[in-house]
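Report on the structure
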Amino acid sequence: MIFQSIDYLVFFVAVFAIYWRLPHKGQHALLLIAGYIFYGYVHPWYCILLGATTLVDFTFTRLMEDRPARKRLWLICILVSNFSILAAFKYFDFFTDNVLAVLHLIGWDAPRPVFEMLLPAGVSFYTFQSCAYALDVYRGQTWARRSLLDYAVYVSFFPQLVAGPIERAGHLLSQFEKPRRFDWSVARDALFLILWGLVKKRVIADTAAVFCNKAFSLSDSTFPIVWAGVLCFCVQIYADFSAYTDIARGSARLLGFDLCQNFNHPWLAQSPADFWRRWHMSLSSWFRDYVFIPLGGSRGTELRVARNLMLTFLLSGLWHGAGWNFVIWGGWWGALLVLWRWLDKWVPGLTQGAGAGRAVLRWGVTMILVNIGWLMFREQSFPDLVRQMLTSPFAAPLDDWRIGGFFAALMLIYSLPLWIHAALQKPLLDQWDRWRDTRAGFALQLAGGAVLSLAFFSLSSRVTSDFIYFQF
Amino acid sequence: MSTTADTITGPPVQPTTDKRSAARLLIWCVVCLATPLLLLRESPSPEEVPVAEAGGGRRSASADSLDVRAVIEELRQAKPDYIGIGNSMMFTRLGKKPDEISALTGRKFFLITKGGTDTPAWYLTLKNVVAASGVRPKAVFLFIRDNELTTPYFGNDKESPVYLQSLRGEHEPELDSYMMKSRSESGSAMTGKVSRWLDELYSFPGWQERMSRHMMDTAMDVGGFGATKKAQRFALSARFGLDHLRGDVPADMADDLNLMTSSYKETTESSLLPEMMRVAKECGTRLLFFRVKRRPDAKTHLPEEPEAMRDYADFLKGWLAEREGIFFDETYDESIRLTDYLDGDHIRPERQEWYRDYFWKRMKGVFP
């Protein structure tokens, strides 16, 4: 089920109407049923995988506490089980294609094994969430839950099931264990957040997608069209993914839950590391806590830290998709972080200097690097990626510059609300707790709601698409 | 408590259940729901819709509309033997103008094509242009793909509302009933009703087109390096023409062939096809449907499609034959190769001549 559909609206209204009439455990039972309906709405068999992951992880994490002598074994069972599902559904084709390509090189053409299964939406998200829980139990950072119902709802909590944020047990699971009360003011905020998410998705992301697809559809694209297309993709992916997070957070708040933060204005980043502190924060922190730090983190020699960073980002790239372009994208980020770290250490004046001019320069450089990365992310055909990377600004005709300029200007206009949002962060939104129940705060929210509503109904793109991160 | 930099509102606070908060929530919801109804209720008048200087559609008053009167007049003067109604599948195969196909066959052809059009627009063109002109062609032919002619999911979200509007007569009960039914059937029974109700209340296509046009015009003013909008639109049309597209871009491909259902009879009867057959009969012509072949596999020369599609094609052929309609299916014709394709279902410009010949050979079998 997708958030921007009437089906979700009807589904959510029904769940919401029943939910607040039920006792605590009844609410959980309803959320569990709702989660499975939401997930299996188009392909009911997806629920089997979700159920299997839940049962296996719940059972083995309990065993970690009940039979601690074999704690490590139980953890391995969980990791093998979860990553086998990912390997089978997400990476099987990628793996076999590459093995067959290598065999072909040595002159042996083996038949391609057939495993035609759809990649279950969001499998990478709930698998990682479940793994995080198991790892936390293993490390003693949380305890193994005794209630299968609580745990099953935690894994299948529908607002964030398909595209995150990837929650930790300490944050979300503990909220299931406490009683919840409906709050009118919070509900108003939640609805505003959902409306804002819908505008980002239907007005900004879906429009950007149309122009991005156009730019990437050319067989003979030139420098200005390629990079205008990348700019469109930059707007599309941020608006799309953060819209999902906003709708997820708004829906969860209406049910009495607070989901973790996933974005912090990534377009304001001033270094590659800063970008990853602001972009898909729940995934970044997952890789930091469960991959980078166990590998040694920032301890040890510079070469060792560089190795840790590269490995972490290569894996992060692979998490995003089973394709070489994603691996290259991960490698690009790993290399940037290493390079920036070295510059920080050896030429600190270049990366840390104070003053507006330097900040703008750092921001500009970071945005260029981010967008080069988005080209690798968006273009899944390697020969086309190389072709686009090699386009020269001097070889483009004037008409192509005009088209590029038009696309870029359009994206600037459509992304204005995102910049305004960033500008309002410090003076208004960070202090919203103080404003919320004042007359001025209410008037502001009322005006904002009316504007967003008008924008949604008059500016939505005629075509819509799935959220980009569904495929991961 | 975490900061909420990625949200436009703050984090949840301590619960308050006072009546004032409840009233504020209610007021907020009412304002958000009522504002568009109040401000967007009146559609912008047609003359306010800017005319696209670049044109694009054949015989268009603007890029998005058809000048029905002018086309009827042309039809009356041309008195064609055959009339083609279609979208890019047709004009990439036969050409945008009928001159080549007329020269090849020695018959008078007339083509009314517009990219992105589907069954609703074709139905209106047949009824309000061809039938209304009073001409009596031997046949009216349409290019279709898969089961889109009769599927209830098709034709509601892609077509330009302005183009459809320009084709509409004062009363179009069959079309309206079909559009409503399609919307209902594209969701579950329950959500279909809600969707229909919401659509009646909150659909503002005129404003959407107008606003999107304004945005684009502004972007052209800002980013066009001083070129006129007319010049920029020409450049855009030419640059993103089919001959510049990548072969792996599945232009116009249907989103999900799994939508294929086995209830052919039901969906066919409730589609616009019976109405199209009735109109054709009334104006003394025959309808001829060419089911085009999607880009085939290089080895098998056949496109990938569900088994059910072949059953559907057989059914449709029989259904049409019973009503004096004609159905050609080129899907399984191995003479059409992968190399003939530009993308998903468009033929390369250099293969047009060959295709026209192929097309006429099939037509000649029925209309010698």
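One can find the structure itself at the top, above this paragraph.
Residues numbered from 1 in each chain as written. Chains lettered and ligands numbered in written order. Predicted model: local features only at pLDDT ≥ 70, side-chain atom pairs only at ≥ 80, totals over all residues.

Okay, helix α5 (residues 119-133) of chain B next. All names here are of chain B. When the terminal C-alpha atoms of α5 are compared, their 20 Å separation across 15 residues agrees well with the 21 Å that a helix rising 1.5 Å per residue should span. Along its length, α5 shows its largest kink, about 30°, at Leu126. Counting buried residues in α5 gives 13 out of 15 residues, a clear majority hidden from the surface. (Helix = DSSP H or I, 4+ residues; strand = E, 2+ residues; numbered from the N terminus. Expected span 1.5 Å × (residues − 1). Bend = angle between axes of the 7 residues up to and from the residue. Buried ≥ 20, exposed ≤ 12 C-beta atoms within 10 Å, placed from the backbone.)

All names here are of chain A. The N-to-C vectors of helix α3 (residues 46-66) and helix α6 (residues 148-156) enclose an angle of 130°; their axes lie 10 Å apart at closest approach. Judged by the inter-axis angle, α3 sits oblique to α6. α3 and α6 meet at a crossing whose hand is right-handed. Packed against α3, whose contacting residues are Leu50, Thr53, Thr54 and Phe58, the element α6 presents Leu148, Tyr151, Ala152, Val155 and Ser156 at the interface. For the contact of α3 with α6, the class distribution of residues is six nonpolar, three polar and no charged. (Axes fitted to C-alpha atoms, helices over the stretch in contact; angles between N-to-C directions. Parallel < 35°, antiparallel > 145°, perpendicular 65-115°, else oblique. Left-handed = near helix turned anticlockwise from the far one by under 90°. Contact = placed C-beta atoms within 7 Å. Nonpolar A, V, L, I, M, F, W, Y, C, P; charged D, E, K, R; others polar.)

Residues and elements named next belong to chain A. Its place among the elements puts Val99 in helix α4 (residues 71-105). A count of 13 C-beta atoms within 10 Å places Val99 in the partly exposed class. Each C-alpha atom, one on Val99 and one on Thr53, is 28 Å from the other, the two residues being 46 residues apart in sequence.

Turning our attention to the interface of chain A and chain B. Taken together, the contact between chain A and chain B spans 65 residues of the former and 60 residues of the latter. Here the side of chain A that touches chain B takes 12 residues from helix α9 (residues 184-215) of chain A, the largest share from any one element. Grouping the constituent residues of the side of chain A that touches chain B by class yields 29 nonpolar, 18 polar and 18 charged.

This brings us to the nonpolar core. Counting 137 residues, the largest nonpolar core has Leu195, Ala208, Ala215, Cys232, Val235 and Phe407 of chain A as the members making the most contacts within it. Here this core spans two domains, since at least three of its residues come from each of domain 1 (6-180) and domain 2 (185-471) of chain A. Ignoring sequence-local partners within four residues, the contact set of Leu195 of chain A consists of Gly449, Leu452, Ser453 and Phe456 of chain A together with Cys32 of chain B. Leu75, Ile85, Val135 and Phe289 of chain B belong to the second largest nonpolar core, which has 51 residues in total. (Core = buried A, V, L, I, M, F, W, Y, C linked by C-beta atoms within 7 Å. Domains from an automatic or database assignment.)

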